[in-house]
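Now for the letters of each chain:
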Amino acid sequence: MAEKHEGFTADERAAMKERAKELKAESKRASAAAKAAEAEKDLLEKIEEMPEADRVLARHFHRIVTEVAPQLAPKTWYGMPAYNNADGKPVCFFQSAAKFKSRYAMIGFSDNAKLDDGAMWPTYFAIAGLGEAEAARIGELVERAAS
């Protein structure tokens, strides 16, 4: 027998509240430079709130993105670290395993990422660790996505 679905889960509602809070804070900021600095500060604070395993991965992801695609603007998106293009649209993001009670963290790419490859390609990657090989692959993907 099918389960009855009664709307959004608590985690989904929390993510929507985070997004509303982000938009409200963004609208109160003055200059573009102040908005960018405050947005990166918010992102780094979100990373620091994560459990250690996710925090280590998110910090590494942040370093990779800012090194290979400095044109992407760090910002939170539904309470997750994200990186936006010049149009203010998210290109890539980090999703904490703990936030959604998942077995692993994920790195995702939105439809604004330029990763198109034929008729089908991945947009989410499970990440349990970030060694040199994984960091290099992520760097390639982010660079391509942001081009």
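This is a predicted model, so every value here is computed, not measured.

Trainee: Whenever I open this one, the overall build of the protein confuses me. Can you help?
Mentor: Broken down by element type, the protein carries four helices and five strands. Ordered by position in the sequence, the α and β elements of the protein form the string α-α-α-β-β-β-β-β-α. Taken against the 2.2 N^0.38 rule, which gives 15 Å for 147 residues, the C-alpha radius of gyration of the protein at 16 Å falls within 12% of a compact globule. If one aligns the C-alpha atoms of the protein with their principal axes, the spans along those axes are about 50 × 40 × 35 Å. Put simply, the protein has 147 residues, and 37% of those count as buried. When contacts within the protein are restricted to residue pairs at least 6 apart in sequence, long-range pairs at least 24 apart make up 47% of them. Total accessible area on the protein is roughly 9200 Å²; 54% of this is exposed by carbon and sulfur atoms.

Trainee: Is there a simple way to explain the packing of helix 3 (residues 52-68) against helix 4 (residues 132-146) in this structure?
Mentor: A packed helix pair is summarised by two numbers, namely the angle formed by the two axes and the spacing between the axes. Axis separation between helix 3 and helix 4 bottoms out at 9 Å; the angle between their running directions is 45°. It follows from the interaxial angle that helix 3 and helix 4 lie oblique. Regarding helix 3 and helix 4, the two cross each other, and that crossing is right-handed. Contact residues: H60, F61, I64, V65 and V68 in helix 3; A135, I138, G139, V142 and E143 in helix 4. Grouping the amino acids of the contact of helix 3 with helix 4 by side-chain chemistry returns seven nonpolar, two polar and one charged.

Trainee: Before we go on, may I ask you to explain the environment of N112 in this structure?
Mentor: Structurally, the position occupied by N112 is in the loop between strand 4 (105-109) and strand 5 (124-127). The sequence separation of N112 and R55 amounts to 57 residues, and the corresponding C-alpha distance is 25 Å. Setting aside anything within four residues of it in sequence, one finds N112 in contact with N85, K89, P90, V91 and A145. Polar contacts involving the side chain of N112 include one to the main-chain carbonyl oxygen of P90, which spans 3.0 Å.

Thresholds applied
- Residues numbered from 1 in each chain as written.
- Predicted model: local features only at pLDDT ≥ 70, side-chain atom pairs only at ≥ 80, totals over all residues.
- Heavy atoms only, no water.
- Helix = DSSP H or I, 4+ residues; strand = E, 2+ residues; numbered from the N terminus.
- Rg over C-alpha atoms; globule rule 2.2 N^0.38 Å.
- Buried < 20%, exposed > 50% of the residue type's maximum accessible area, 1.4 Å probe, protein only.
- Contact = heavy atoms within 4.5 Å.
- Areas by Shrake-Rupley, 256 points an atom, 1.4 Å probe, with all protein chains shown as cover.
- Axes fitted to C-alpha atoms, helices over the stretch in contact; angles between N-to-C directions.
- Parallel < 35°, antiparallel > 145°, perpendicular 65-115°, else oblique.
- Left-handed = near helix turned anticlockwise from the far one by under 90°.
- Nonpolar A, V, L, I, M, F, W, Y, C, P; charged D, E, K, R; others polar.
- Polar contact = N/O pair within 3.5 Å; in protein donor to acceptor, adjacent residues only side chain to side chain.

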